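# Structure assessment
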Amino acid sequence: MLAGLSRCWRVLATGLSFAVFGIGGVLMRVLVFPLLNVLVRQPERRVRAAREIIRRAFRAYVDMMRASGVLRYEITGLEKLERGGLLILANHPTLIDTVFLMAFVKNADCIVKGALWNNPFTGGPVRAAGYISNAGGAELVDDCIASLRRGNNLIVFPEGTRTGADGVIALKRGAANIAVRGARDITPVLIRCDPPTLGKGEKWWQVPPRRVLLRIDVQDDVAIAGFIGEGATEVLAARQVTEFLQNYFTGKYRSHA
């Protein structure tokens, strides 16, 4: 009986969390960011301010979910993210991965779906923070490299979408192209969700039988020099980086000589 009551509460608390997220997005769009546009005239400063507002809002949101009993979380290696110009690559088991990383990474940039730019709940924050739209086509990799060179911390999910219900991780080559063409070391982040929740195709009310524990482990940097040296072409290097990351995120190995 207690287990049933706990699950009912978590369904209610999860629904409340989604409602808060949506309402918060609308309030930012109609109140916070218009005021920011008035108070901060310089575009670069305005973008950085918008990203800091979003980071703090997401941190409060994460803490709200923990306090309400929706989930618990553990983060290791957080100090490794206290730098600038990081290319942060993470696996993507659940819908809230992005929220967590954005809550703990300062001056974070990320790639967002083009549809989010016109979404009433997300459009305001996405536009104000100057995130990168995946509708950029051939210019997407160049936009990502330019963001890194400006000192932003770029968060990328190499799968391009959440991991499927079968748990199979299949990486696209875009993240590797950013690392290779930008000559940028990779900061891997391993995310584990136990029990699984909010995966691809799951509805918010399909809560697991017990409270979720989200583990986020920031790994040591992976040097890109070993992949792009000795005259390797960008195409070959990107293929090798993708293969390495595929093995890395599936747990076949965690180190690179």
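This is a predicted model, so every value here is computed, not measured. (Residues numbered from 1 in each chain as written. Predicted model: local features only at pLDDT ≥ 70, side-chain atom pairs only at ≥ 80, totals over all residues. Heavy atoms only, no water.)

## Side note on the overall build of the protein
Just so we agree on the cut-off: To qualify as a helix, a DSSP run of H or I must reach at least 4 residues; to qualify as a strand, a run of E must reach at least 2; elements of each kind are numbered from the N terminus. Every radius of gyration here is taken over C-alpha atoms, with the globule rule written as 2.2 Å times N^0.38, N being the number of residues. Exposure is judged per residue with a 1.4 Å probe applied to protein chains only, and the accessible area is read against the type maximum: over 50% gives exposed, under 20% gives buried, and values in between give partly exposed. Contacts are assigned to residue pairs with any non-hydrogen atoms lying within 4.5 Å of each other. Residue burial considers only the protein chains on display, and all accessible areas are found by Shrake-Rupley using a 1.4 Å probe. Residues counted as positive are Lys and Arg, residues counted as negative are Asp and Glu, and His and the chain ends are not counted. Charged groups are reduced to one reference atom each: NZ for lysine, CZ for arginine, CG for aspartic acid, CD for glutamic acid.
The secondary structure content of the protein amounts to eight helices and seven strands. Compactness check: the protein gives a C-alpha radius of gyration of 19 Å against a globular reference of 18 Å for 257 residues, within 12% of the reference. Over its C-alpha atoms, taken along the principal directions, the protein stretches across nearly 65 × 50 × 30 Å. By residue count, 44% of the 257 residues in the protein fall in the buried class. Counted over contacts in the protein with a minimum sequence separation of 6, partners at least 24 positions apart contribute 74%. When the accessible surface of the protein is summed, it comes to about 13,100 Å², and 58% of that surface belongs to carbon and sulfur atoms. The positive charge centre, built from 34 side chains, and the negative charge centre, built from 22, are 7 Å apart in the protein.

## Quick notes on helix α8 (residues 234-249)
As a reminder, the rule being used: In a helix, the anticipated span is given by 1.5 Å times the number of residues less one.
With 16 residues, α8 extends 22 Å from end C-alpha to end C-alpha; this agrees with the ideal 22 Å at 1.5 Å per step. Within the span of α8, buried status applies to Ala-237, Ala-238, Val-241, Thr-242, Phe-244, Leu-245, Asn-247, Tyr-248 and Phe-249. Two residues or fewer past α8, Gly-251 is found with a positive phi of approximately 85 degrees.

## Let's talk about the environment of Asp-166
With respect to the element layout, Asp-166 can be found in the loop between β5 (153-156) and α6 (174-181). For Asp-166, a relative accessible area of 60% translates into the label exposed. Placed 34 residues apart in sequence, Asp-166 and Lys-200 show a C-alpha to C-alpha distance of 9.9 Å.

## Brief notes about the nonpolar core
The line we're drawing: We call a set of buried residues a nonpolar core when its members are Ala, Val, Leu, Ile, Met, Phe, Trp, Tyr or Cys and they connect through side-chain atoms within 4.5 Å of each other.
Counting residues in each nonpolar core, the largest one holds 43 residues, and the members touching the most others are Leu-71, Phe-100, Leu-101, Tyr-131, Ile-155 and Val-189. When sequence neighbours within four positions are dropped, the list of residues in contact with Val-189 reads Ile-88, Leu-89, Ala-90, Asn-91, Leu-101, Ile-216, Asp-217, Val-218 and Phe-249. Ala-179, Val-222, Leu-245 and Phe-249 belong to the second largest nonpolar core, which has 29 residues in total.

## Considering the sheet that holds strand β2 (residues 87-90)
Which entries qualify depends on this criterion: Pairs of strands are assigned from DSSP output, requiring at least two bridges between the strands. Comment: axis = line fitted to C-alpha atoms, over the contacting stretch for helices; angle = value between 0 and 180 degrees taken between N-to-C directions.
Across the sheet, seven strands lie side by side as β1-β7-β6-β2-β5-β3-β4; this open sheet has mixed pairing. Strand pairing shows two members of the sheet lacking a second neighbour, β1 (71-76) and β4 (132-133), which therefore form its edges. Alignment of strand β3 (residues 108-112) against β5, held across three bridges, turns out to be parallel. Within the sheet, the bridge partner assigned to Cys-110 lies in β5 and is Ile-155. Across the sheet, α8 lies against β2 and β6 (186-194), angled at about 35 degrees from β6, the strand it touches most.

## Some words on the pattern of salt bridges
Applicable threshold: The term salt bridge refers to a side-chain nitrogen of Lys or Arg lying within 4 Å of a carboxyl oxygen of Asp or Glu.
Scanning the model with the defined rule gives 11 salt bridges in all. A salt bridge links Glu-74 to Arg-215, with the nearest nitrogen and oxygen atoms 3.5 Å apart. Highlighted residues: Glu-74 in strand β1 and Arg-215 in strand β7 (residues 212-218), separated in sequence by 141 residues. With a relative accessible area of 40%, Glu-74 lands in the partly exposed category. In this structure, the salt-bridge partner of Lys-106 is Glu-82, at a minimum N-O distance of 3.9 Å. You can see Lys-106 sitting in the loop between α3 (97-104) and β3 and its partner Glu-82 sitting in the loop between β1 and β2, a full 24 residues away along the chain. Salt bridges linked by common partners bring Glu-52, Arg-55 and Arg-56 together as one network.

## Some points on the pairing of β7
The buried count for β7 comes to five of seven residues, which makes it a mostly enclosed element. The pairing of β1 with β7 spans six bridges and is classified as parallel. In the sheet register, Glu-74 faces β7, and the bridge partner there is Arg-215. Note: β6 against β7, six bridges, orientation antiparallel. What sits directly across from Leu-190, in β7, is Asp-217.

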